[in-house]
Amino acid sequence: MDAAIGIADADGLGAVTMRRIAQQIGAGAMSLYTYVPDKDRLVDLMVDRVGATRTPVELTGDWRTDLLALARSQRSLMLAHPWLPAALPNRRVTGRNMLAYLEQGLAALEPTGLGGPAKLEIVALVTGLMATFVTAELAGSTPVPEQAALIGEAVASGDFPQLGAVLAEGGQGSGEPDFDRLAAWTITGLVSQAIGSLSS
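Predicted, not measured: the structure shown is a model, and the values here were computed from it.

Caption draft 1: Summary view of the overall build of the chain. A count of helices and strands for the chain gives 11 helices and 0 strands. Starting at the N terminus and walking to the C terminus, you meet the elements of the chain as α-α-α-α-α-α-α-α-α-α-α. Over its C-alpha trace the chain gives a radius of gyration of 21 Å, far above what one expects of a compact globule, namely 16 Å for 200 residues. Across the chain, contacts joining residues at least 24 apart in sequence account for 68% of those joining residues at least 6 apart. Total accessible area computed for the chain in this model is approximately 11,600 Å², and 57% of it derives from carbon and sulfur atoms.

Caption draft 2: Layout of the UniProt feature "domain: HTH tetR-type" (unreviewed entry) in the chain. The feature "domain: HTH tetR-type" (unreviewed entry), as given by UniProt, occupies residues 1–54 in the numbering adopted here. Secondary structure content for residues 1–54 is 65% helix and 0% strand, while the C-alpha to C-alpha distance between its ends is 17 Å.

Caption draft 3: Fine view of the packing of helix 8 (residues 116–139) against helix 11 (residues 179–198). Relative orientation of the contacting elements helix 8 and helix 11 amounts to 155°, with a least axis distance of 11 Å. Accordingly, the angle class assigned to the pair helix 8 and helix 11 is roughly antiparallel. Judged by the twist between their axes, the crossing of helix 8 over helix 11 is right-handed. Contacts between helix 8 and helix 11 involve I122, L125, V126, L129, M130 and F133 on the former and, on the latter, F179, L182, A183, T186, I187, L190, V191 and A194. Among the residues forming the contact of helix 8 with helix 11, the class breakdown is 13 nonpolar, 1 polar and no charged.

Caption draft 4: Layout of the UniProt feature "DNA-binding region" (unreviewed entry) in the chain. Here the UniProt feature "DNA-binding region" (unreviewed entry) sits at residues 17–36. A helix fraction of 60% and a strand fraction of 0% characterise residues 17–36, whose end C-alpha atoms lie 12 Å from each other.

Caption draft 5: Quick look at the pattern of salt bridges. Taken as a whole, this structure holds 7 salt bridges when the rule is applied. Between R20 and D11 there is a salt bridge, and its shortest N-O distance comes to 2.6 Å. Here R41 ties to D44 by a salt bridge, and the two come within 3.8 Å at their closest N and O atoms. One end of the pair is R41 and the other is D44, both in helix 4 (residues 39–51) and 3 residues apart, which spans about a single turn. In this structure D44 comes out as buried when scored by relative accessible area, which is 6%.

Caption draft 6: Molecular detail of a nonpolar patch on the surface. On the surface, a nonpolar cluster with roughly 240 Å² of combined accessible area is contributed by I151, F160 and L163. Along the polypeptide, L163 turns up in helix 10 (residues 161–168).

Caption draft 7: Highlighting the packing of aromatic side chains. According to the stated counting rule, one finds 1 aromatic pair in the structure shown. Seen from their ring centres, F133 and F179 are 5.2 Å apart, and the 70° between their planes marks the pair as edge-to-face. With F133 in helix 8 and F179 in helix 11, the pair connects residues that are 46 residues apart, well separated along the chain. There is no split in this pair, since F133 and F179 are both buried.

Caption draft 8: How the structure looks around the nonpolar core. In terms of nonpolar packing, the biggest core is built from 47 residues, with M46 and W83 touching the most fellow members. Secondary-structure elements contributing two or more residues to this core are helix 1 (2–11), helix 2 (18–25), helix 4, helix 5 (63–80), helix 6 (84–87), helix 7 (96–109), helix 8 and helix 11. Those residues in contact with W83 that sit more than four places away from it in its chain are I5, A8, D9, L13, M46, V47 and V50.

Parameters and conventions
- Residues numbered from 1 in each chain as written.
- Predicted model: local features only at pLDDT ≥ 70, side-chain atom pairs only at ≥ 80, totals over all residues.
- Heavy atoms only, no water.
- Helix = DSSP H or I, 4+ residues; strand = E, 2+ residues; numbered from the N terminus.
- Rg over C-alpha atoms; globule rule 2.2 N^0.38 Å.
- Contact = heavy atoms within 4.5 Å.
- Areas by Shrake-Rupley, 256 points an atom, 1.4 Å probe, with all protein chains shown as cover.
- UniProt positions renumbered as here; feature names shortened; annotations may be inferred.
- Axes fitted to C-alpha atoms, helices over the stretch in contact; angles between N-to-C directions.
- Parallel < 35°, antiparallel > 145°, perpendicular 65-115°, else oblique.
- Left-handed = near helix turned anticlockwise from the far one by under 90°.
- Nonpolar A, V, L, I, M, F, W, Y, C, P; charged D, E, K, R; others polar.
- Salt bridge = Lys/Arg side-chain N within 4 Å of Asp/Glu carboxyl O.
- Buried < 20%, exposed > 50% of the residue type's maximum accessible area, 1.4 Å probe, protein only.
- Patch = residues over 30% accessible without salt bridge, like charges linked within 9 Å, V, L, I, M, F, W, Y side chains within 5 Å.
- Phe/Tyr/Trp six-rings, centres within 6.5 Å; stacked < 30°, edge-to-face > 60°.
- Core = buried A, V, L, I, M, F, W, Y, C linked by side-chain atoms within 4.5 Å.

Laid out in structure tokens, this is it:
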């Protein structure tokens with residue numbers, strides 16, 4: 001498992017093959033299928049293994065604070081393992097480490113009074129937000145000169161006045177995105193909307 005994670009960390013998830021793992025550990029590729037039936041199951045195990053390294057979160061009883069802390073821990077884990085955002089969609093959450101994260105997410109939402117399905121959806125959406133944010137971080141948020149030139153040309157045409165006004169205010173990315181601010185906005189909006197639906 002550690003060999004597979006090391007390959008993914010260095011070269012991406014696509015580089016993880018039974019043949020390459022076998023070469024790295026000095027075993028026959030076919031012998032690995034005795035332990036792992038296919039790559040999909042292997043990735044399940046990889047995701048759960050790295051989940052064991054996630055920074056634990058001490059819940060405070062305030063859902064905003066606790067969900068933001070969980071989001072930060074997820075972000076840190078994804079930055080440490082850049083292949084993780086791509087591996088998470090539609091992943092089977094059966095390993096104990098991933099279940100521990102889910103358990104903490106549900107516990108953080110307990111004070112909201114939301115039902116089980118809503119809490120599960122929010123935890124999944126927060127995880128998806130982290131994956132999207134980290135993917136953008138890893139790709140780099142600063143436009144390359146060609147992109148900047150194309151955007152500038154489009155704005156100069158006058159067809160995009162709202163975009164032009166935002167860019168004139170420095171909206172093209174003056175510095176790194178503020179993670180805490182964006183995460184807090186999203187988390188507060190999701191949970192508040194869900195709570196509001198309880199009384200409607």
